[in-house]
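Chain and residue survey
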Amino acid sequence: MNRREFIKRMAAASAITAAVAMFPGIVFAKEQMQNLPDGDILWKKSPCRFCGVGCGLKIGLQEGKAVAVKGDPESSVNKGLCCVKGYHSVMALYAKDRLTKPLVRKNGKLVETSMEEALDLVASKMQGTIDKHGKNAVSMYGSGQWTIPDGYVASKFMKGAIGTNNLEANARLCMASAVTGFLSSFGMDEPMGCYEDIDHADVFVLWGNNMAEMHPVLFSRMLDQRMQRKNVKIIDLATRTTRTSTASDRSILFKPQTDLAIANAICYEIINNGWMDTGFVKNHCTIKKGKTNIGYGLEDKFAFKDEAKGIDFEEFKEFLKDYKPEDIQELTGVSAKDIKYLAYLYGSPNQKVTSFWCMGMNQHTRGTWINNLVYNIHLLVGKISTPGNSPFSLTGQPSACGTVREVGTLTHKLPHGVVMNEKDRKMAAEIWKVPVENIQPKPSLHTVEMFRALDRGDVRFMWIQVTNPMVTMPKLKRYREAAQKDDRFIVVSDVYPTPTTDIADVVLPSAMWIEREGMYGNSERRTQHFDQLVDAPGESMSDTWQIIEVARRMGFEKLFPWTYDNHIEEIWKEYSLFHKGKKHGMVPLEVLKSEPGAQWPYVDGKSTKWRFHGKYDPACSKGDTYDFYGKPEGKAWIWARPYEPAPEEQDQEYPFLLNTGRVVEHWHTGSMTRRIPVLHQAVPNGYVELHPEDAKIMGVRNGEKVKLTSRRGEIELPASINERGKPVRGHVFVPFFDEGLLINELTLDAFCPISKQPDYKKCAIKVGKA
């Protein structure tokens with residue numbers, strides 16, 4: 001390793017501390033992590049299965065086992081680096097309590113059975129529920145960890161064969177607001193930029209995004225750019241102090257929910273100071289306003305439909321007058337000076353700006369709105385769809401984009417388009433070879449409503465694959481009790497025992513990651529293929545093949561005619577038919593097998609790095625300029641969206657605000673990472689971060705138990721004071737990876753009325769020494 005590379009990696013390490021640093025070399029997965037001679041290992045490539053970045057890995061194989069991992073230097077995503085989870089990823093395959101045999105509940109207990117019996121029972125119960133209660137009484141709940149083939153056969157099975165739109169995925173909980181934000185602003189989903197923006201941007205504004213822990217490889221690339229180019233700045237706009245804050249050039253803390261007001265104030269300053277790109281806005285944008293006071297989705301069967309109305313620029317300017325920086329200082333907790341500084345960074349004509357965000361903006365009861373408002377900023381200054389100028393929503397799962405957003409495993413989606421559009425339904429029916437009447441023209445149940453329907457009895461059968469909702473659902477007690485009611489039948493496909501398998505009637509052991517062939521689609525529209533590298537243990541079966549086996553048992557064998565040996569290739573061929581053309585052409589399988597991924601639209605043998613600009617995007621039809629072709633008029637929409645408060649705020653009875661999230665060592669609910677010894681030892685249990693003054697007043701020291709109580713539940717956790725992160729006074733933070741400390745028993749199931757994504761960041765609680 002040369003000196004520059006060493007400095008680069010150490011810079012990254014400084015941001016996430018030595019205990020979980022990115023480091024050069026190889027991590028081995030055998031006992032005691034002993035070093036094995038490199039020559040004894042066969043190296044094969046695969047994308048990482050943790051987070052949505054899509055890092056390229058090289059997996060070391062020996063004697064039929066995955067024994068080592070190193071970063072793939074040929075991957076443009078991570079360029080040979082990995083985070084701590086990536087380096088230890090293969091260890092997740094080999095914990096002692098791995099599920100290897102199907103389990104069926106008999107006399108109240110889960111007992112082992114054969115795969116044939118288990119699949120027969122699933123098909124029988126699903127068909128019996130349809131016969132007795134109708135096709136909308138069955139549902140499937142999947143994941144952004146689904147491979148693209150998994151999601152595709154799930155969509156074809158549920159929407160094409162059975163004829164119900166009761167298909168959802170856990171990505172509804174993490175990036176649905178990003179989807180509705182893209183669609184409402186640009187008419188098409190997914191980022192217009194790519195990770196290469198990091199190499200060109202002068203300024204990075206992180207909107208509520210702790211990238212040092214959540215996306216450490218991308219954060220290390222930003223730090224590297226700052227070392228190479230002294231003008232590069234990283235701005236942390238957040239609600240608590242984190243490792244990202246300490247590594248940034250400036251950390252600006254704001255009150256939760258008021259990012260809406262801050263974004264509008266930035267727009268006000270851009271216009272007021274003459275920084276707006278007038279020609280860009282005139283030629284490439286139109287201005288809209290929608291409904292206001294839109295509710296929070298707290299009631300069962302809550303319904304809302306936005307309505308866009310055109311307004312002129314003068315009306316938009318008048319709207320922004322309520323958000324002068326001096327007037328919102330008390331509301332936001334941010335000084336007018338800091339807001340004006342942010343506006344200057346965006347407005348300066350000589351600086352390229354990339355905005356990154358993730359759960360802070362998306363898990364928000366106005367998540368669609370705040371996505372719209374950050375797009376507004378980029379559109380007003382014309383800093384979009386060119387290298388280094390990018391508003392970029394990151395994802396947290398390996399295929400939340402590829403499987404959920406592109407394949408369409410949400411109730412309203414199809415692999416190309418939406419169920420509400422007759423043309424899209426006809427296309428799906430033709431490709432799937434089903435009557436168009438099979439595909440229902442109305443969305444049915446989004447995730448929160450699906451679990452509410454399970455509670456009410458409208459849904460009686462639910463098949464959960466590759467996710468752990470009995471840890472992740474907000475207002476968790478209601479939905480756990482719903483799953484355990486009489487006349488409910490729950491099937492769970494997973495790799496380890498979890499609180500969700502605990503409530504199952506059938507547990508199907510799944511093949512994991514490199515134990516089967518598949519594809520993931522990452523945050524930058526990059527599709528990556530991976531081969532089966534090792535055998536799955538016992539009777540474990542891929543989620544794709546589990547669905548196919550059940551579909552065949554229910555009489556749909558003609559829709560799923562493939563053999564096990566050719567099903568991935570045939571699924572990819574069929575799925576690619578949905579995306580023909582310059583706007584979303586998919587990458588040929590032979591290319592995916594020979595390269596570390598490629599980006600759609602894939603046109604004339606080339607990936608499209610930046611969309612909506614004729615210089616980079618072959619789908620543009622207006623020459624060497626912008627073409628927002630997702631909208632009928634080819635113009636992006638700037639939205640007038642106001643600040644509206646959260647549904648639950650601090651009061652005299654509940655004077656604290658709870659925020660939940662993740663840590664770098666653990667991934668989501670910890671069902672895999674807590675079984676990796678080095679990661680579990682680093683952070684063995686959940687905790688609550690307190691501000692030192694709040695802890696002092698309560699007489700609480702580090703490690704002592706603290707009791708948190710909301711209107712929905714209570715929990716006791718050890719205190720963390722001045723350790724990893726520090727909330728402001730009156731706020732606390734709790735990670736959700738610990739299944740023994742279920743923080744979502746306290747959270748509120750309010751959601752954005754447009755995206756239907758819950759808000760896990762704002763929940764009123766009281767705090768006291770236990």
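For clarity, every value in this text was computed on a predicted model and none was experimentally measured. Every chain is numbered on its own, with residues counted from 1 as its sequence reads. Residues qualify for local features only when their pLDDT is at least 70, as the model is predicted, and side-chain atom pairs are given and counted only at 80 or more; totals for whole chains, interfaces and linings, by contrast, use all residues. Excluded from the side-chain calculation are hydrogens and water; included are all heavy atoms of the structure.

**Examining the nonpolar core**
Of all hydrophobic cores here, the largest spans 65 residues; its most connected members are Phe186, Trp207, Ile266 and Phe316. A run of H or I in DSSP becomes a helix once it reaches four residues, and a run of E becomes a strand once it reaches two; helices and strands are each numbered from the N terminus. Element by element, the count of residues in this core is highest for helix α9 (residues 259-272), at 10 residues. Residues grouped as a nonpolar core are buried Ala, Val, Leu, Ile, Met, Phe, Trp, Tyr and Cys residues, joined through side-chain atoms within 4.5 Å. Any residue under 20% of the maximum accessible area for its type is buried, any over 50% is exposed, and the rest in between are partly exposed; the area is computed with a 1.4 Å probe on protein chains only.

**Quick word on the sheet that holds strand β8 (residues 167-169)**
We treat two strands as partners when DSSP finds at least two bridges between them. Strand order in this open sheet of seven strands is β6-β5-β19-β18-β17-β7-β8, and the pairing throughout is mixed. Edge positions in the sheet fall to β6 (109-112) and β8, since each has one partner strand and no second. Taken over all neighbouring pairs, the strand axes of this sheet differ in orientation by 20° on average, direction set aside. As defined by bridge partners, strand β7 (residues 138-142) adjoins β8 across three bridges and the pair is classed as parallel. Its bridge partner being in β8, methionine 140 is matched across the sheet by leucine 167. Along the sheet, helix α3 (residues 115-133) makes contact with β5 (103-106), β7, β17 (461-465), β18 (489-494) and β19 (506-509), crossing β19 at roughly 130°. Residue contacts are counted whenever heavy atoms from the two residues lie within 4.5 Å of one another. Lines are fitted to the C-alpha atoms to define the axes, a helix being fitted only along its stretch in contact, and any angle between axes, read from their N-to-C directions, falls within 0 to 180 degrees. Docked against the sheet, helix α4 (residues 148-162) engages β7, β8 and β17, running at close to 160° with respect to β7.

**With respect to the sheet that holds strand β12 (residues 250-253)**
Neighbouring strands of a sheet are bound in pairs by backbone hydrogen bonds; such pairs are parallel or else antiparallel. The strand order β12-β10-β9-β15-β16 describes an open sheet built from five strands, whose pairing is parallel. With one partner strand each, in any of the chains shown, β12 and β16 (390-393) form the two edges of the open sheet. In this sheet, neighbouring strand axes are inclined to one another by 15° on average, regardless of whether the strands run parallel or antiparallel.

**Brief notes about the pairing of β17**
In terms of burial, β17 is largely enclosed, as five of its five residues are buried. Side chains of β17 alternate between two faces, with Phe461, Trp463 and Gln465 and Met462 and Ile464 buried alike. One ladder, built from four bridges, connects β7 with β17; its direction is parallel. What sits directly across from valine 138, in β17, is phenylalanine 461. Two strands pair when backbone bridges link them, and β17 and β18 are joined in this way by five bridges, in the parallel orientation. Bridge assignment links tryptophan 463 to a residue of β18, and that residue is valine 491.

**Here we look at the packing of aromatic side chains**
Each Phe, Tyr or Trp ring, with Trp reduced to its six-membered ring, pairs with another whose centre is within 6.5 Å; inter-plane angles below 30 degrees give stacked pairs, above 60 give edge-to-face pairs, and intermediate values give tilted ones. Summed over the entire model, instances satisfying the criterion amount to 32 aromatic pairs. Here phenylalanine 182 and tyrosine 375 contribute two aromatic rings whose centre-to-centre distance is 5.3 Å and whose plane-to-plane angle is 35°, an arrangement assigned as tilted. Placement of the pair is phenylalanine 182 in helix α5 (residues 176-186) and tyrosine 375 in helix α15 (residues 367-381), with a sequence separation of 193 residues. Each member of the pair phenylalanine 182 and tyrosine 375 is classed as buried. Ring centres of phenylalanine 612 and tyrosine 629 lie 5.1 Å apart, and the angle between their planes is 65°; this geometry places the pair in the edge-to-face category. Residue phenylalanine 612 is found in the loop between β24 (606-607) and β25 (636-640), and its partner tyrosine 629 is found in the loop between β24 and β25; the two are separated by 17 residues along the sequence. Phenylalanine 612 gets classed as buried once you look at its relative accessible area, which sits at 0%. Counting every residue linked through ring pairs, the aromatic cluster contains Phe182, Phe186, Phe280, Trp357, Tyr375, Phe612, Tyr626, Phe628 and Tyr629. A positively charged side chain is recorded as over a ring if its NZ (Lys) or CZ (Arg) lies within 6 Å of the ring centre. The angle to the ring normal must also be within 35 degrees. For the cation-ring pair, lysine 70 lies above tryptophan 43, with the distance from its terminal atom to the ring centre recorded as 4.2 Å. Lying across the ring of tryptophan 639, arginine 641 places its NZ or CZ 3.8 Å from the centre.

**Re empty space enclosed by the protein**
With a 1 Å grid spanning the protein atoms alone, the term cavity applies to any set of points in which a 1.4 Å probe fits but cannot get out, the term pocket to an open set with protein on both sides within 12 Å along at least five of seven lines, and the term lining residue to any residue with an atom within 4 Å of a point. Grid points are joined across faces, edges and corners, and a volume is the space filled by probe spheres set on the points. All chains considered together, the criterion is met by two cavities of 30 Å³ or more. By volume, the second largest cavity is sized at about 80 Å³. Along the wall of the second largest cavity there are 13 residues; nearest its centre are Phe50, Cys51, Cys55, Cys83 and Val217. Going through the elements one at a time, α2 (84-87) and α7 (216-228) are the ones with two or more residues in the lining of the second largest cavity. When its residues are assigned to classes, the lining of the second largest cavity shows 10 nonpolar, two polar and one charged. Domain extents, as shown, originate in an automatic or database domain assignment. Taken domain by domain, the lining of the second largest cavity gets at least three of its residues from each of domain 2 (35-94) and domain 4 (176-397). The residue classification treats Ala, Val, Leu, Ile, Met, Phe, Trp, Tyr, Cys and Pro as nonpolar and Asp, Glu, Lys and Arg as charged. All others, Gly included, are polar.

**Considerations on the environment of histidine 378**
Looking at the secondary structure, you find histidine 378 in helix α15. According to the relative accessible area criterion, histidine 378 is buried, its value standing at 0%. Taking the C-alpha atoms as reference, histidine 378 lies 45 Å from valine 700; in sequence the two are 322 residues apart. One polar contact links histidine 378 to serine 355, side chain to side chain, over a distance of 2.7 Å. As used in this structure description, the phrase polar contact means that two N or O atoms lie within 3.5 Å; if the pair is within protein, one of them must be able to donate a hydrogen and the other to accept it, and residues adjacent in sequence are counted only when both atoms belong to side chains. Polar contacts involving the side chain of histidine 378 include one to the main-chain carbonyl oxygen of lysine 383, which spans 2.7 Å.

**Re the domain arrangement of the chain**
Domains assigned within the chain are domain 1 (1-27), domain 2 (35-94), domain 3 (103-173 + 398-561), domain 4 (176-397) and domain 5 (656-747). Its C-alpha centre places domain 3 at a distance of 34 Å from the equivalent point of domain 4. Counting from both sides, the interface comprises 22 residues of domain 3 and, opposite them, 22 residues of domain 4. Together, the buried faces of domain 3 and domain 4 total about 1,800 Å²; carbon and sulfur atoms form 40% of this surface. Think of a salt bridge as a Lys or Arg side-chain nitrogen and an Asp or Glu carboxyl oxygen that are within 4 Å of each other. Our enumeration of links across domain 3 and domain 4 arrives at four salt bridges. Summed over both partners, the accessible area lost on bringing two parts together, with a 1.4 Å probe, is the buried area.

**Points about α15**
One turn of an α-helix holds 3.6 residues; hence residues three or four places apart share an orientation. The terminal C-alpha atoms of α15 lie 22 Å apart, and with 15 residues this matches the ideal 21 Å at 1.5 Å per residue to within 8%. Most of α15 sits inside the fold, with 15 of its 15 residues counted as buried. Positioned one or two residues after α15, glycine 382 has a phi angle of 70°, which is positive. Expected helix span is computed as 1.5 Å times (number of residues minus one).

**A short note on the environment of serine 540**
Within the fold, serine 540 resides in the loop between β21 (526-530) and α22 (543-553). Overall, serine 540 belongs to the buried group, its relative accessible area being 12%. As a C-alpha pair, serine 540 and glycine 187 span 353 residues in sequence and 41 Å in three-dimensional space. Each residue touching serine 540, except ones within four places of it in the same chain, is listed here: Arg98, Leu99, Thr100, Pro509, Ser510 and Ala511. Engagement of the side chain of serine 540 in a polar contact is seen with the backbone oxygen of leucine 99, the distance being 3.4 Å. Engagement of the side chain of serine 540 in a polar contact is seen with the backbone oxygen of proline 537, the distance being 2.8 Å.

**Some details on the pattern of salt bridges**
According to the stated counting rule, one finds 50 salt bridges in the structure shown. For glutamate 539, the salt bridge is made with lysine 101, and the minimal N-O distance between the two is 3.9 Å. Taken together, the residues glutamate 539 in the loop between β21 and α22 and lysine 101 in the loop between α2 and β5 connect sequence positions 438 residues apart. What makes lysine 101 partly exposed here is its relative accessible area of 36%. With a closest N to O distance of 2.5 Å, glutamate 213 and arginine 724 form a salt bridge. You can see glutamate 213 sitting in helix α6 (residues 211-214) and its partner arginine 724 sitting in the loop between β29 (714-721) and β30 (726-727), a full 511 residues away along the chain. Each member of the pair glutamate 213 and arginine 724 is classed as buried. Through salt bridges that share partners, Asp300, Glu449, Arg452, Asp455, Arg456, Asp458, Arg478, Lys485 and Asp749 make up one connected network.

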